[in-house]
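Now for the letters of each chain:
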Amino acid sequence: DWKIKSATVTQNRDNTYQISILFEYTDKPVALRSVTKESSVGLDYKSDGLYADSNGNVCNMPHYYRLSAELLAKQQRKLRHKTIGSNNYRKQQLKAAKISRHVANQRKDFLHKQSTAIAKQYACVCVEDLDMKAISNKGFGNGKATLDNGYGMFLNMLDYKLKASGGYLVKVDKWFPSSQICNHCGTIHTEMKDLLIHTIKCDCGYIADRDTNAALNIKKEWLRLLSA
């Protein structure tokens, strides 16, 4: 019983086309899923691999832009030897645009698969409310990796997929020191502000990867707020 309301055709820079179709339908209520410690997972942003979760898993997302950067640079260099506005110039522009489009499609395909798998497995996903635009600035030294990951797009996908299945995407405050807190005893390690330190070592004997520890703390903080 869906009704087509409109259709928008878009031409991409590489001369491919796509059509977006808008439907109207009656929304059906979705049964909310039960949120427990077992049905929840914490995710910590990881510039080298997209995220690490509270179960010790790392996404290991391929850096598609970096994999194609050399080929893209080669095609863009050729533009300098073409006359702007000529047919050869436009043909060379098209070659470069096709590579960029392919990279974008690879990234989006990977993010869709990851977000779908998480939304099916968990009722609640806990993340930090990060400012990705600020993180991508040169001051952090990992701007290209941040933009190549598409973490903001990933969270948007997670959000609507979890809602459609009765789940939740929840965010803890970005100032919550997730990477500095020992998940075992709660001691705060200010030295973990240094992004070059990849392992947290506490006097209580707790040793863990900084991103895994942060993901555990994000999940723990959300469950604390939920119980409160």
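Calculation notes
- Residues numbered from 1 in each chain as written.
- Predicted model: local features only at pLDDT ≥ 70, side-chain atom pairs only at ≥ 80, totals over all residues.
- Heavy atoms only, no water.
- Core = buried A, V, L, I, M, F, W, Y, C linked by side-chain atoms within 4.5 Å.
- Buried < 20%, exposed > 50% of the residue type's maximum accessible area, 1.4 Å probe, protein only.
- Helix = DSSP H or I, 4+ residues; strand = E, 2+ residues; numbered from the N terminus.
- Polar contact = N/O pair within 3.5 Å; in protein donor to acceptor, adjacent residues only side chain to side chain.
- Contact = heavy atoms within 4.5 Å.
- 1 Å grid on protein atoms, 1.4 Å probe; cavity = no way out; pocket = protein on both sides within 12 Å on 5 of 7 lines; lining within 4 Å.
- Points joined across faces, edges and corners; volume = space filled by probe spheres on them.
- Nonpolar A, V, L, I, M, F, W, Y, C, P; charged D, E, K, R; others polar.

Engineer: Explain the nonpolar core to me, please; I cannot follow it from the model alone.
Structural biologist: Side chains that are nonpolar tend, in soluble globular proteins, to be buried together. Counting 25 residues, the largest nonpolar core has L43, L50, I118, V125, Y151, F154 and L158 as its most contacted members. The biggest single contributor to this core is helix α5 (residues 151–164), with six residues. Membership of the second largest hydrophobic core comes to eight residues, among which are C126, V172, I181 and I218.

Engineer: I keep staring at the side chain of S178 and nothing clicks. Help me out?
Structural biologist: Tracing the sequence through the fold places S178 in the loop between β6 (168–172) and β7 (199–201). Within the local environment of S178, its side chain forms a polar contact with the side chain of E128, the two groups lying 2.9 Å apart. Non-local contacts of S178, meaning those with residues more than four positions away in its chain, are made with D44, E128, N213, A214, N217 and I218.

Engineer: Just checking my understanding: could you explain the layout of surface pockets for this structure?
Structural biologist: In this approach the atoms are scanned with a rolling probe the size of a water molecule, which exposes any empty space left behind. In this structure, the second largest pocket occupies an estimated 170 Å³ of space. Considering the residues around the second largest pocket, the lining is formed by R13, Q76, L79, Q93, A96, A97, S100 and R101. Taken together, the residues of the lining of the second largest pocket sort by class into three nonpolar, three polar and two charged.

The analysis is restricted to geometry; functional conclusions fall outside its scope.
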